[in-house]
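Breakdown of the fold
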Amino acid sequence: MTVTLIIMGGAYSVFNSQQKTTVVQTNVSDAQQSLRTALDFMSRDIRMAGFDPKVSNNFGITDIQLKDYDNSSDANGTSAITFSWDQNENGTADAGETVNYSLSNTSTVAPGSIALMYGTPTRQPLTGFIVNFGLAYAIDSDGDGELDQSGGQTLWAIDAGNDNDWDSLTVNQAAGTAVVAETGIPVNEEDIRAVRIWLLSRSEAADPNYTDSNTYVIGPHVVQPNNNFRHRMAERIVLCRNMGLNL
């Protein structure tokens, strides 16, 4: 009986360890899958922003203000972007040719989930469990065909206060900081040449044996989850080939 109990105890220990490992892997996989889906869709669409073969000047990036979860302008909200391209190449801005990406705390995906929303005027969830969404823009404000610089580096700009003035954004992931400074340059969406995307996703299920105490810098947003969900972050730069970018 003693030998049997020892064997059963060992078997249970192995089973319990494997179960915990499976939970961790599932949670990480959930978070990574949400990121891949969101980044692939966004990158594909943003590359097409401003596509206008008829040179009608009816297409481009039209709104980069911070928004609340209802997609209304909010200086304390998260990043959002609205843009269009001529999908049927007729030179007219038709229904369905304008795209918006923003966040919503919708229960359509799952109760308590924050989802990346897609579409205009009616938004639909693209993928759930996106905790935060950040954007910044490389611009050519003087029309010289070169990206604006700051300290010898590409100037990444945002409209931090929704006041129609560009602010520089310097992100330091190691320090967990996002430094914003005024540039004095008026916002003109036609000056945008590249879009920098940050996304933070979380697992669908919590892990009671884990606490995420990390700090994530998602564009201008500094996020400290301090909860039992596992998170993954991704960053990508998308070149706006139809917005006057010199390659």
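These lines cover the structure that appears in this document, whether it is placed above or below. (Residues numbered from 1 in each chain as written. Predicted model: local features only at pLDDT ≥ 70, side-chain atom pairs only at ≥ 80, totals over all residues. Heavy atoms only, no water.)

**What about the sheet that holds strand β12 (residues 192-202)?**
- Here we have 6 strands laid out as an open sheet, ordered β11-β10-β9-β6-β12-β15, and antiparallel in their pairing. Taken across any chain shown, the strands that pair with only one partner, and hence form the sheet edges, are β11 (177-186) and β15 (231-239). The mean angle between the axes of side-by-side strands here comes to 35°, regardless of whether they run parallel or antiparallel.
- Pairing between strand β10 (residues 165-172) and β11: 8 bridges, direction antiparallel. Residue pairing across strands places Val171 opposite Ala178, the latter belonging to β11. (Pairing = 2+ DSSP bridges. Helix = DSSP H or I, 4+ residues; strand = E, 2+ residues; numbered from the N terminus. Axes fitted to C-alpha atoms, helices over the stretch in contact; angles between N-to-C directions.)

**Re the nonpolar core**
- Counting 32 residues, the largest nonpolar core has Ile61, Val195 and Ile197 as the members making the most contacts within it.
- Among the elements of the structure, α1 (2-48), β2 (81-84), β3 (98-104), β6 (130-139), β12 and β15 are those that each provide at least two residues to this core.
- When neighbours within four sequence positions are excluded, Ile197 is seen to be in contact with Leu39, Met42, Ile46, Phe133, Gly134, Leu135, Ala234, Glu235, Arg236 and Val238.
- In terms of nonpolar packing, the next biggest core, distinct from the first, is built from 11 residues, Ala136, Trp198, Tyr216 and Ile218 among them. (Core = buried A, V, L, I, M, F, W, Y, C linked by side-chain atoms within 4.5 Å. Buried < 20%, exposed > 50% of the residue type's maximum accessible area, 1.4 Å probe, protein only. Contact = heavy atoms within 4.5 Å.)

Geometric descriptors of this kind do not, in isolation, establish any biological role.
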